[in-house]
Structure formats: structure tokens, C-alpha cells
Amino acid sequence: MTEREERRFAEVPRESVKLMAESAGVELSEELAGLLAEDVCYRLREATQNSSQFMRHAKRRKLSVEDFNRALRWSNTETVCGYGAQDALPFRPLKEGELFYVEDREINLVELALATNIPKGCAETMVRVHVSYLDGKGNLEPQGTVPTAVQSLSEDLLKYYQQITRAILGEDPHLMKVALLDLQSNSKIAALLPYFVYVISGVKSVSHDLDQLNRLLHMVKSLVQNPYLYLGSYVRSLVSSVMYCILEPLAASINPLNDHWTLRDYAALLLSHIFWTHGDLVSGLYHQILLSLQKVLSDPVRPLCSHYGAVVGLHALGWKAVERVLYPHLPAYWANLQAVLDDYSVSNAQVKADGHKVYGAILISCPLVLVLIIRLTFQVIFITSRTLEQSIQRHFP
Amino acid sequence: MKRVRTEQIQYAVTQYLKRRQYIDTDGSMKGAKLSQTAEEMAASLTVQTESSCANVVSAAPCQADPQQYENQFSRLRSFLQEAEGPLVKEASSVLFPLFLYLHLHMARCGLKGALDSFYSRFHSLFQQDPEQKAIVDLLRGALTLQDVTTNPKLCALLDHKYVVHLTDQAYSYLLRYLQSEDNSAICWVLTAHLQVEVTAAQRTDYQLYGAGVGTGNTSSSSSSTWASVDGSEGAERLEVPAGLPQNEAALENLQDCIKRVREGPPSLTTVCFYAFQHTEQLLNTAEVSADSRLLAAGFDNSAVKLWSLRARKLKAGPHKADVSKIRLACDVLEEEADDEDASGSEIKTLRGHSGPVYRTAFLTDASGLLSCSEDSTVRYWDLKSFTNTVLYRGHAYPVWDVDVSPCSLYFSTASHDRTARLWSFARTYPLRLYAGHLSDVDCVKFHPNSNYIATGSTDKTVRLWSTRQGASVRLFTGHRGPVLTLAFSPNGKYLASAGEDQRLKLWDLASGGLFKDLRGHTDTISSLSFSQDSSLVASASMDNTVRVWDIRNAHGSAPTDGCSSELIGQYTGSTSNILNVQFMACNLLLVTGTAMEKQEQ
């Protein structure tokens, strides 16, 4: 930097100025030529400085003629024309003296117009994404590798993982709260994400214990609500664990005293929360969820608690989901449900209680369906009134 | 009247029972009472509970055959000895209390002969544990009812119940054995004198992938304790499980762990490179919106292009400007119907400027986009209809930079005319003018609290301005070249500035002095970004690298080749010219740049 400051600027000699003046037909004195030379130098420097600004903001290194022209334009000067060709201008030297002239080539326009080789246009700009994963030390892993799960974690992180899991799944509620709060607000736990997701996928093995399921769902909620954490492709695994809680006939549900209904409600709310905040991280997630819910609903072999879970899940995903999945299926399903509710035999008592739960869930999501029905009737009314009006106009112009 | 009513009720009840096929009702109806007072109900309920099946066993005073005690106990013992499995050990913990209470019961009933043989056969089992041994020795002397009643300790044992902790698996294991044969004596002792606390099995040892961590085995073990121990006996007290000091220790441990992780090294795990191809050297700027759904790029040919980064394509909303129609509610339904079909496109081109676009900025909720250009105007694009709705005029020279305030209330621009200006979205003229730089202002940024604006300029200084008053409140000198990029930390304490002198300087805003000066880059630094927790700074430069620095602690490796020690990592992707770097979450860094050209120009 200091070098540049010490360097002297290029100077235009007075002789050049005088020559230029002569070619324009003006006589100049020495003084005038000197002043003009200084001014020309200054203007050149100013124009160069401005054009370097254009170059800098276009994030380029090479100063182009366009940059210079822009600088000239903003100084209200005529721009330099005739530049921008692909190949450089050929200068030919004259035999006598140090003069060079630009060769004037003749171009056959007819040939040019009828030429068959049309130069290819430029392709449209496109964006390519490339995701790199960092290994434990912070270096980029070579391209194309899938992130290895067994990274070299530091001891602190390992200990943290053990302590937090133990606290959440243990017995002390205060410890659990502290652990969940930290999961929700800690910005440094990204490397442990695969491990926590593995713990949460253990829902499948504790389906007899509602308390543990609840705690694992709390863990999912904390991770999802952490603003510093990017979940990426782990969203799928978390969603599948939550769906398990919603849809599976849990071993705990065999005992009618266990309240697995609130667990399903909580899991459905959590599903909608995950979907609305992180749903578009994974393509096709919405459709996959809808498909699995639909499969459960249309399968009469599944126990009613699964159906309840499916209805509650649809309700939590919004009225569009209800409209798309539940509504077309409702007539067929209703017949089966009525049969269950009408059966007053003693052996059916438990199933009937479950059936009432499903009935209630459908009623709750039904107002949304009722809205649809009302809208449709209004549409029908409008259309009929319009046709009536048109027919009246035709007959009584 | 009352009789008729009773008859009617009876008739109705008989009919109902007949319908439900309870056939032999006629006889039982005579004696059935049709009304009960509350006292009668309470009395009958207590009678029922007291005389239910469980209490049938307990009501039976003495066994007919005293030999049964010994037989059943020996059977149980041999069963537990021969069986294998992890539950056996837990279930065996029930043997000692059974022995104890059977002995006491036999002593109380005066079955001396059976008692002698029982004691001599089994007392040797319990010699290992010192407390059990002590009690067994005590029992040797207790052979009659008199002995039992005179010994206060044994009386205490009889008065209180013995608590046994078992996991539910062990408990069901034990019950299955007991139900398989006639073990009525043992069952009776279980109900009368033992209290079994059944706990669910805990799963607290989750294995890490392959690397077995052995310290996680805290499956709850069974323990026997004396319930309601007499305080004066002191010596018999066993440890009380899960007392208060233990919890506090665990809490401290947990909090210590948390603290160490929070102060530990950062956790950047993913770097995402967006590389533009076929740009023909026209690309000036690229930004990703805060919810990382959209990517905007400004070009030299005055176009702004938008890409959708998610699966959902960009679709313009319905055109609402038709004034020849009145829109009714039923029209809305038809428009909403086709929301899910794939009629959008991946790229939207926004044309409106008449000069190269130098910067685009998204609003915080990504509902709009601002772009500034060489034609000295700033345009606002509405992202629902992808049209240009507002044109902001005020500068007379090219605008180099635009930044939106944190709540999308204002935006500010930096221009070639050596000023920065403050605008509101509702007015097309600027509200404030910040003049003071000696050369054109290259970059502008809002402070997270929207009260200050920082500007960097070609005159090698950074100035901090008060938004409302327009006065310069700080001047940061020290750079040796034009300052091209700025970033504020989200906690509002630091300002990072960098430019052509290849140094990243961190300024402490409270004191106004230089906090850190980071070396490492070998070319002009073009973009800066802080992570959300203000602990990491990422800088991108024209030497085609992205470097991440940890400004809290020096967690980086030892300084090599003149880099500062805060450097954590240096990344090069498939880009040849990096335009922008952004932290999306603490573990995700987005980098946009031009792709590497296959042929060198």
C-alpha cells in the first residue's frame, strides 16, 4: 500500500498536449499546455478511481472498458466507443517513423448474413448446490462422503451427552427440566445431533412405558425449538419417531388405565410444529406424512387407537389435510364406526370406548369440514342465482 | 301408592333382566332391596372390601399343616437357586423377609417342632450380610409367642411392613412362580407383612455407535429397606435411597457439564456452497433469505433473478389489479383450489433497473426484496406477485449497498455521492442523510437495535451514526484500504469490518476501540457474517477461501504462516469467486459464488 502512495503518477507531457491541440486546430502557449496537462492527469486519475469502484463492486479484478465508460458517463463525458470486440485490434506499423495504424479490413456482409454456423448463445444461469460436511476437527471432508456418525467427539461433549440423556430419562423432574431447557438453547451441540436422534428413535423399544415416551417427545420438542440448530436430514428420523407415537397401538394402551390419548394428542401437536417450521427441509415430507396417515385410516384391521391418532394428526396438520384425506374417506369409515358404537355387548365395551374417542376426534376436525360444506353450498347458490339471472335476461331483454 | 310404585319398578326391572337374558330372576327379586341409605351402602362396601378374595387368605389364622411352611419355602428356594437369568438375583432378595416372617408367625402360633427344623435348615442362608445375620441370631432365641412379644425389636418388625424393591419384570417373574403351585403360606406372608415396591425398569444406558461406554449402567437394582424404622434403634438404619443431597450433587454435575460445553469449541458442521454457472462474468451479488427459501442474485445486465431453494416452486399470486371486476368471496375459492399443482417455475427474473444491480436485500419475513443499482434508484419487489411495486429515488449517483433494519421498518443505502441515506418503506424519498465521509460509502449495516448505522468507505474509515439524529457518533480508523464489508454481532457488542487491506478488524462498540485484528486472508475480503450466538465470524475473500474465526476464545490451532490464532477453519468449495457468506444456524454456513470455469479466459 505504501508503495503505491510513493509511486509518482503518470504525467502527460506538454508536447502531447500541444500535438493534440494542433490536430484540433488550436494554438496553445507553454503555460496553457502545462495547465492542461495537469488537468488531464487529474481527470484521468479521477476517472480511473471511479472505474475501479465499479470494478470492485462487481467483484471483479480486471478493469474492463465498460467500467471506464461508466465512470466517464457519470462525469458527463463522452464515452469511448468501439471497444468490446473479442479479439484485439491489429496494429500495423508504417514503414517510415514510429507510427502505427489500425488495419481496415473489408467484411462481406452477405456472406456473414447467410453463414450457416450460428454461434451458440449463452446458456441460462443456473445454480448448483454442494453441501460439505466438516469432520470433528473442522476440516472439510473430501467431496462425496456421507457424514460418518462416529466422529471423534471431545470428552466434554460425550459427558454432556450422557448426563443430559440420563437427566431427561431419569427420575428427577427438576434435572429433566434443566436438561430440556439447555437442549433448547445451547448453540454448541450440533455435533451431538445424530446421537440425540438415535436416542429418540428408541421410542420403538419403550412402547410400554408412557412416561418414557413422553420424555422422548419432550426431547424432540426441545431440539426442534432450538434456534441455533440446523436439523437438516434428521428431520425425517424425528418425524418418524413422532409418527410412531401417534399411530402405533402401543403396548401401554392394552391397559385401559394408561392414558395414551394425551400422548397421541401431544405427538400430533408436535408433528404439526415440526412440519410448519422445518417441513420444507426435506422434499416430499408432507405427502409422505399424509400417505401414512391415510393408510392407517383406510385399514380396518388397525385398532381404533391408531385411527384416533390418524384423525388427530390430520387435524393438527390443518384443514387442507383434513379435506384431502379424511373427508373422502368419511362415508365408508362412518359406517364402520357406527357399527362399533351400536354394539352394546360387554365384550365390546373397551373397543366401544375407543370408538367414542375416535368419534370425538372426528367431530373436532369436523367443523373444518363443515366450513367446506358451507362454502360449497354458497358456491352452489351463487351459480344457480347466476344462471337464473342469465336466463331471465335472455327471456326479458 | 308406594306399593304400586315398587311393583312397577320391580316389573320394569324384571322385564329388563329378561331382555338381557338373566333368566332366574323371579326368585331373587323378592329379597332384593330397591333403595339403600348412604350408611347402608358404606357398610356393605366395607364388608365387601374386607371380605374380598385377598383378605380370605389373610383371614385364615393358622395353616392346618405346619409342614407346609417349610415345604413351600424350600421349594421357592430351590427354584430360585436352579433358575438362571438376571431377574433371579432380584427375586432372591425376597427370601430373607419371607424367612423372617414365617419364623415369627410360626413362633406366634406355637409350632415349636416345625419351627426348630425350619430354622435349622435355612438359617445358614443368611449369614453373609451382617444385618441379616444379626437378626437371624435374634430369632434363635425367639421360639415362643412370649419371646416374640417381649423382644421389642421383633415387635417392631411385626408392627411394620418390610419394603422390598423389585423391578416389574422380577415381580411378575416371582408371581408367576407363586401362582403355579400352592404357595398359600408365602402368599399370605407377602400380603400381610411385605410391601413390594414395583419400579419400572429404567433404560438409561444408550450405547453410542459401536463405542461402548461402560459407565452408563445404572439399571435400578433392587434393595431392601426397613420402612418406618424406629429412630432410637439407630444401628439398624440402612441407607435412605435418593436423599436430597444426592439430587443436588447430580444437578451440580449436570450444570457443570452444560457450562463446559457452552464454553467449548464451536460446532460448525455443514457448509453449503451455492455455485452459479454460466454467469458470463455478469454476477454481482447473491443473497439467501433468512428462512433460506429464496436465493436472489443481481446481474450486470440489470436483471434480478430469484431461485427457490426448496422443493416448492415460485408461483406468482393472482393478479389483483383488474378494476373492471368486483371480487366476491366465491371467487376466492376457485383461486385457492389450485395451490398444489406444479405450475410455478424455479427461477423468476425481475426486470426494472437500468443499470447493473449491486446489492439485493430481503426483508426479514421474505415478503419483499430490495435491490439497488447503478442507475441511482432502489426498487422494491413484492414477492407474492414478483413485480416491482415501489421505486425509491433520492441518490444522484450509483448506489452501492442497501441494508434492511431488523424489524423491516427502515432501510438504508450507501452511494457514490459520499452519503448514506435512511428510508422508510412508505416514502419514496429519504428520511435522513448521513454525510461525513471523504469518499464514496461502500457498505452500510444496521445495528441489531436499529438505533445505529455503520458505514464503511473508500476513505479507509468506518463511521457509526445515530439513526434518528443523523450525527456521527464514532469514527473507527485503522484500516489501510477501502472498507468493503461490515457486520454487527447479534448481541450488539461488536462490529466487524474488512476490506482491501486483507485484515478483519473487530471493534468493541462500548469503548470504541479495536478489539481484535485478524490476519490470514491473502486477498480482498468481500463478505462477513456473524453466527447467531455471536461467537463465530465467517469471512469470504477473493482468494477463494472462507475462513471461520472464533472470537470468544482462541480455540483454533496454533498460528501457522502468519494467521491469527482465532482461525478455526478454512474452506474452499467449488466456487472460483465467492460473493457472499451467511450463517443460517450455528452449524450451517451458506456460501454463494460463481462456479469454477472449466476453461481459463
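Given the structure is predicted, the values throughout are model-derived calculations rather than measurements.

Take the overall build of chain B next. Of the regular secondary structure elements, chain B holds 15 helices and 30 strands. Per-residue burial over chain B gives 47% buried out of 601 residues. By sequence separation, contacts in chain B at least 24 residues apart represent 51% of the contacts at least 6 residues apart. Roughly 29900 Å² of accessible area belongs to chain B as shown, and the carbon and sulfur atoms make up 51% of that amount.

Right, let's talk about the packing of aromatic side chains for a bit. Taken as a whole, this structure holds 20 aromatic pairs over all chains when the rule is applied. Aromatic pair Trp74 of chain A and Tyr397 of chain B: ring centres 5.6 Å apart, planes at 40 degrees, arrangement tilted. Placement of the pair is Trp74 of chain A in helix H4 (residues 65-74) and Tyr397 of chain B in the loop between strand E12 (387-393) and strand E13 (399-404), with the two residues belonging to separate chains. Given a relative accessible area of 33%, Tyr397 of chain B falls into the partly exposed group. Plain terms: the ring middles of Tyr161 of chain A and Tyr195 of chain A are 5.7 Å apart, the flat faces sit at 55 degrees to each other, and that makes the pair tilted. Remark: Tyr195 of chain A occurs in helix H8 (residues 193-200) and Tyr161 of chain A occurs in helix H6 (residues 155-169); sequence separation between them is 34 residues. Neither Tyr161 of chain A nor Tyr195 of chain A differs from the other in exposure class; each is buried. A network of ring pairs unites the aromatic residues Tyr380, Tyr392, Phe411, Trp423 and Phe425 of chain B as a single cluster. When the ring centre of Phe299 of chain B is taken as reference, the NZ or CZ atom of Lys305 of chain B above it lies at 5.7 Å.

At the interface, 78 residues of chain A touch 95 residues of chain B. Between chain A and chain B lies a buried interface of about 8000 Å² when both sides are counted; carbon and sulfur atoms form 57% of it. On the chain A side of the contact with chain B, Lys59, Trp74 and Lys188 of chain A bury the most area, a combined 10% of that side's loss. On inspection of chain A and its partner chain B, the count reaches five salt bridges. The shortest N-O distance in the salt bridge between Glu500 of chain B and Arg56 of chain A comes to 2.5 Å. Elements represented by at least two residues in the side of chain A that touches chain B include exactly helix H3 (30-57), H4, strand E3 (126-133), H6, helix H7 (173-185), H8, helix H14 (319-342) and helix H15 (349-395) of chain A.

Below, the discussion takes up the UniProt feature "repeat: WD" (unreviewed entry) in chain B. Listed under "repeat: WD" (unreviewed entry) in the UniProt record, and renumbered for this structure, are residues 350-385, 392-433, 434-475, 476-517 and 518-553 of chain B. Along residues 350-385 of chain B one finds 0% helix and 56% strand; the C-alpha atoms at either end are 11 Å apart.

Residue and element names in this part refer to chain B. Buried residues dominate strand E6 (residues 294-299), accounting for six of its six residues. Burial along E6 is two-sided: the residues Leu294, Ala296 and Gly298 and Leu295, Ala297 and Phe299 are all buried. With five bridges connecting them, strand E5 (residues 283-288) and E6 associate as antiparallel partners. If you follow Glu287 over to E6, its bridge partner there is Ala296. Joining the antiparallel neighbours E5 and E6 is a turn of five residues, in which Ser292 adopts a positive phi near 50 degrees. Across five bridges, the pairing between E6 and strand E7 (residues 303-308) is antiparallel. Residue pairing for E7: Leu295 is matched across the bridge by Trp307. In textbook terms, the turn of a hairpin is the stretch between consecutive antiparallel strands, and for E6 and E7 this stretch comprises three residues, one of which, Ser302, has a positive phi near 70 degrees.

Rules of the game
Residues numbered from 1 in each chain as written. Chains lettered and ligands numbered in written order. Predicted model: local features only at pLDDT ≥ 70, side-chain atom pairs only at ≥ 80, totals over all residues. Heavy atoms only, no water. Helix = DSSP H or I, 4+ residues; strand = E, 2+ residues; numbered from the N terminus. Buried < 20%, exposed > 50% of the residue type's maximum accessible area, 1.4 Å probe, protein only. Contact = heavy atoms within 4.5 Å. Areas by Shrake-Rupley, 256 points an atom, 1.4 Å probe, with all protein chains shown as cover. Phe/Tyr/Trp six-rings, centres within 6.5 Å; stacked < 30°, edge-to-face > 60°. Lys NZ or Arg CZ within 6 Å of the ring centre and 35° of its normal. Buried area = accessible area lost by both parts, 1.4 Å probe. Salt bridge = Lys/Arg side-chain N within 4 Å of Asp/Glu carboxyl O. UniProt positions renumbered as here; feature names shortened; annotations may be inferred. Pairing = 2+ DSSP bridges.

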